[in-house]
Every structure is written in C-alpha cells, then in structure tokens.
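# A closer look at the structure
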Amino acid sequence: MGTAALGTLDGCAARCHSRGMDTVQAKGIRGRVADAPSGHWVYKLLPRAVWPYAQLARWDRPIGWQLLLWPCLWSAALAASAYATTAEPLSTLLPSPWHLFLFLLGAIAMRGAGCTYNDIVDENIDGQVERTRSRPLPSGQVTRRQAWAFVVAQALVGLVVLLQFNAFAILLGIASLAVVAIYPFAKRVTNWPQFVLGLAFSWGALMGWAAEFGEVDAPALLLYAGSILWVIGYDTLYAHQDKEDDAIVGVRSTARLFGDKTVYWLVGLYGGALVLFAWAYALAEVPMPALAGLLAAGAHMTRQIRSLDIDDPDQCLRLFRSNNTVGWLIFLGLLGGAVWPAVRPLF
C-alpha cells in the first residue's frame, strides 16, 4: 500500500476518533457521555473499546475521586500534626507520602467501583434522565455482566490498597462497603440521599486517623461529621442539575427538598462543617496556623453561596466542581500548621 493511501487511512482514523469525542453516545453510537468534556484525555488516548469502562469509572470526570480523596488527606494531615510540639522533627509532623499515595490510588479505584455499581442499580432511571441516558449501560455500550466484572476488578485494586494499612484500618475500610451498598437505593426512599452519600464519601476522615493511630478518636469523628455536612452541601448543588427530570421519575434529593431555600441550607451546612472542623483541630491540638486554611475555605464557600443560581444547571456544576478548591485550602492549611512548630523557633 502506498504512502498516500496510508496517510489517507490515518487521516480517516483521526477524524473518526475526533468525531467520537464530539458525539454524545446513544444506542448504537459510541461517543462521550453528555456531561463529560469532549477533549478529555480518555477520548484522546484510550482505544474506543475502553471508553465505556472509563465512563463507568468516571475517569473522564475526575472531580468525584478528588472529592472522595480530600477527607482522607485531611485526616492523614490532622493525625500527623496532632499534639505537635516544637521538639518534634518536621518529618514526623507531615503525613506519610506512602499513605497519601495509597489514599490517592484507593480513591480512584473505589470511586470507580462505586460509580459502576451505582450505574448498574440505576440503569432504568438513568435511561429516563437527559443528562444520564448517554451512560454506558442505558446506551447499550456494555452489558450488565461486563459492568459487574468491572466492579469486581476495581474493588480488588481497592482491596490491595487497603491491605497495606494496619488491621484496624483494614476492618474500618471494609465496614464502609455497607454504606456504599445502600447509597444507590437511598434516592428511592428518602429526601436525604445526599446524607447517605456523605456517610460514604466522608469515610476517609476516619481512615487517615486510623492509619496513623490504629483507632478512631474524637478529632476524627468531628472531622467525619463536618465532612458529611460539606458533602450534603456540594452534592445538593450537583442535584439541582437534574431536579426537573428527578421529579418526573420520582427520584428524591435535597435539591428538591430545599428548593428555593437552598441558599439558607447551604449557609447552615457549610457553616456547620467549618465549626466541626475547627473543633476537631482544637481537640487534636493542631498548630494555630492550620485555621488559616479553614478561613480561606470559608471565604470560598461564601462565594459559592452568594453567586448561586439554582436554576442554572451549568453554574451549579461549576460551583460543585469548585469544592475541589475547598479541599486544597483545608489540606494546605493543615500542612502549614504542621510546618509551624518546626519553623517557629526561627522567629
């Protein structure tokens, strides 16, 4: 075959791949899901046959594993700097890099497993909602058996990660599966499915402390409670995208429950989260500069509330995603507090 012909084939392949990135998939048509960016690396680098699995795991929407990861990192940083003294070397006041890596890998794997499981349970509902009907199961890109196999594969990765921790943390991690298992059904029976999501997505607030101390103490419990309020807040923003379709198919949510009073609920939820975080810091006796991160996070939360338009789905999604910044601010504040005892004698 001549060079010109090969070039023509390569060009056709590239154009087909590009069209797949721009096309929202449906039955018999492979492309991207409706709420994923067309230029994401998943669609640029992975073979088309892998796309449905990447979509099940939400690799094309990383905000989920990022939000799942933050309570883990906060807890690890809180535990490392708890009860700090100026006599301790800096290396003992910072969270273990190995633990941080494990939490990162575990968050990606278990968020993927959880989302795949959620899609299996919600296949019929997803097919009736505009934003979700392009997901791999309702659009016919994978079978339920293939999806279940993918759940198992991701869960095994999570298990390998979990087994790197101490016995208490391993048992604690396994216990979280009960909450994960019931979450997809919560929206059918309660107006507070975001609370159940908060129980699951905040579990890392217990894990970081348990990995350090082999037990769960009051600071970790307060961090967990505060994180639950934070999750309810940001997932309410997310749920406002689908409230019309949810009302039609009978799916419940705090977005539908709070309605026009969402702003006032967010003030209480975000404010309560910050109070509980500060209380956890006080009981753990973390250095005072860590509070700077909470103040910065509070300012960011305030901006979310002041700018919110619950009838603008695109803005709700942007504000939801901006909670990744909240995670960074709190984590960096804890790291700054950890550094403070080591550098304080220099001043």
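Numbers given for residues are sequential positions, taken from 1 along each chain in its written order. Only residues with pLDDT of 70 or above have their local features reported here, since the model is predicted, and side-chain atom pairs are shown and tallied only from 80 upward, although totals for entire chains, interfaces and linings are computed over all residues. Hydrogens are left out, water is left out, and the side-chain values use all remaining heavy atoms of the structure.

## Thoughts on the overall build of the protein
Secondary structure counts use DSSP, requiring at least four H or I residues in a row for a helix and at least two E residues in a row for a strand, with both numbered from the N terminus. Helix and strand content of the protein: 18 helices and 0 strands. Between the two quantities, the radius of gyration covers C-alpha atoms and the globule rule is 2.2 Å times the number of residues to the power 0.38. The C-alpha radius of gyration computed for the protein amounts to 22 Å, which stays within 12% of the reference 20 Å derived for 347 residues, consistent with globular compactness. For the C-alpha atoms alone, the extent of the protein along its principal axes is close to 70 × 55 × 35 Å. Residue burial in the protein is summarised as follows: out of 347 residues, 51% are buried. Contacts are residue-level and defined by heavy atoms, with any inter-residue pair within 4.5 Å sufficient. Taking contacts inside the protein between residues at least 6 apart in sequence as the whole, the part at least 24 apart equals 72%. For the protein, the exposed area adds up to about 15600 Å²; of that, 67% sits on carbon and sulfur atoms. Taking the 26 positively charged and 24 negatively charged side chains of the protein as two groups, their mean positions are separated by 6 Å. Classification of residues uses two cut-offs on accessible area relative to the type maximum, computed with a 1.4 Å probe and protein chains only: under 20% is buried, over 50% is exposed, and between them is partly exposed. Only the protein chains shown count as cover for residues, with accessible areas throughout obtained via the Shrake-Rupley method and a probe of 1.4 Å. Asp and Glu are treated as the negative residues and Lys and Arg as the positive ones, with His and the ends of the chain left uncounted. To locate a charge, take atom NZ for lysine, CZ for arginine, CG for aspartate or CD for glutamate.

## Observations regarding the packing of helix α12 (residues 218-239) against helix α15 (residues 262-284)
Between α12 and α15, the shortest axis-to-axis distance is 8 Å and the interhelical angle comes to 160 degrees. Classified by the angle their axes make, α12 and α15 are roughly antiparallel. Of the two elements, α12 crosses α15, and the hand of that crossing is left-handed. Under this scheme, a helix contributes an axis fitted over its contacting stretch, all axes are lines through C-alpha atoms, and angles between N-to-C directions fall in the 0 to 180 degree range. Here is the rule for angles: anything less than 35 degrees is roughly parallel, anything more than 145 is roughly antiparallel, 65 through 115 is roughly perpendicular, and the remaining ranges are oblique. Handedness of a helix crossing follows the sense of rotation of the near helix relative to the far helix, less than a right angle counterclockwise being left-handed and clockwise being right-handed.

## Focus: the nonpolar core
To form a nonpolar core, buried Ala, Val, Leu, Ile, Met, Phe, Trp, Tyr and Cys residues must be joined to one another through side-chain atoms within 4.5 Å. Residues Trp74, Leu78, Phe103, Trp230 and Ile330 are the most contacted members of the largest nonpolar core, which totals 75 residues. If you tally residues by element for this core, the top one is helix α4 (residues 63-81), at 13 residues. In this structure, Ala57, Val121, Val142 and Ala147 belong to the second largest nonpolar core, which totals 10 residues.

## Details of empty space enclosed by the protein
A 1.4 Å probe that fits into a set of points on a 1 Å grid over the protein atoms alone but cannot get out defines a cavity; an open set with protein on both sides within 12 Å along at least five of seven lines defines a pocket, and lining residues are those with an atom within 4 Å of a point. Grid points are joined across faces, edges and corners, and a volume is the space filled by probe spheres set on the points. Per the counting criterion, the structure on display carries 1 cavity of 30 Å³ or more. Here the largest cavity defines a volume of roughly 40 Å³. Lining the largest cavity, in full, are Ala76, Ala79, Pro95, Ser96, His99, Phe103, Gly208, Ala211 and Glu212. Of all the elements in the fold, those that place two or more residues in the lining of the largest cavity are α4, α6 (97-121) and α11 (204-213). With 3 residues, α11 is the largest single contributor of residues to the lining of the largest cavity.

## What to know about the environment of Gly327
For Gly327, the position within the fold is in helix α18 (residues 323-343). A C-alpha to C-alpha distance of 7.9 Å links Gly327 and Ala297, two positions 30 residues apart in sequence. In contact with Gly327, not counting residues within four places along its chain, are Trp70, Trp74 and Trp230.

## Some thoughts on the side chain of Asp242
Within the secondary structure, Asp242 sits in the loop between α12 and α13 (243-249). A polar contact is formed between the side chain of Asp242 and the side chain of Arg131, at a distance of 2.4 Å. Among residues more than four places away in sequence, those in contact with Asp242 are Val129 and Arg131. Polar contact is the term for a pair of N or O atoms within 3.5 Å; when the atoms are in protein, one must be able to donate a hydrogen and the other to accept it, and sequence-neighboring residues count only if both atoms are side-chain atoms.

## Comments concerning helix α9 (residues 167-189)
Taking 1.5 Å of rise per residue, 23 residues should cover 33 Å, and α9 covers 35 Å from first to last C-alpha, within 8% of that figure. Bend angle per residue: angle between axes fitted to the 7 residues ending at that residue and the 7 residues starting there. Maximum bend of α9: about 45 degrees, positioned at Tyr183, with proline Pro184 one to four residues after it. Where α9 is concerned, the buried positions are Ala169, Ile170, Leu172, Gly173, Ser176, Val179, Tyr183, Pro184, Ala186 and Lys187. N-capping of α9 is provided by Asn166, with a side-chain oxygen placed 3.2 Å from the backbone N of Phe168. In a helix, the anticipated span is given by 1.5 Å times the number of residues less one.

## A word on a nonpolar patch on the surface
Patch membership requires more than 30% relative accessible area and the absence of a salt bridge. Residues of like charge join within 9 Å; the nonpolar side chains Val, Leu, Ile, Met, Phe, Trp and Tyr join within 5 Å. The salt bridge definition used is simple: a Lys or Arg side-chain nitrogen within 4 Å of an Asp or Glu carboxyl oxygen. On the surface, a nonpolar cluster with roughly 370 Å² of combined accessible area is contributed by Trp98, Phe101, Leu105 and Val157. Sort the elements by how many residues they give to the nonpolar patch and α6 lands first, with 3 residues. Inspection of the secondary structure assignment puts Trp98 in helix α6. Taking the relative accessible area as the measure of exposure, Trp98 reaches 46% and is therefore partly exposed.

## Some thoughts on unusual backbone geometry
Backbone geometry places Arg58, a non-glycine residue, at a positive phi of 65 degrees. If you trace the backbone, Arg58 turns up in the loop between α3 (51-56) and α4. With phi around 55 degrees, Glu285 is a residue other than glycine that occupies positive phi space. When you line up the elements, Glu285 lands in the loop between α15 and α16 (291-307).

## Side note on the packing of aromatic side chains
Only Phe, Tyr and Trp rings take part, Trp by its six-membered ring, and two of them pair if their centres are within 6.5 Å. Stacked means planes under 30 degrees apart, edge-to-face means over 60, and tilted covers everything else. According to the stated counting rule, one finds 18 aromatic pairs in the structure shown. Look at Trp70 and Trp328: their rings are 4.9 Å apart centre to centre, the planes differ by 65 degrees, and that puts the pair in the edge-to-face class. With Trp70 in helix α4 and Trp328 in helix α18, the pair connects residues that are 258 residues apart, well separated along the chain. Using a relative accessible area of 44% as the deciding quantity, one classes Trp328 as partly exposed. The interplanar angle of 45 degrees and the centroid separation of 4.7 Å between the aromatic rings of Trp209 and Phe213 together place this pair among those described as tilted. Placement of the pair is Trp209 and Phe213 together in helix α11, with a separation of 4 residues, close to one helical turn. The class of Phe213 is partly exposed, set by a relative accessible area of 35%. What links up through ring pairs into an aromatic cluster is the set Trp74, Trp230, Tyr234, Tyr238, Phe277 and Phe320. To sit over a ring, a charge needs its Lys NZ or Arg CZ within 6 Å of the ring centre and within 35 degrees of the ring normal. Seen from the ring of Tyr183, Lys187 lies directly overhead, with NZ or CZ sitting 5.4 Å from the centre.

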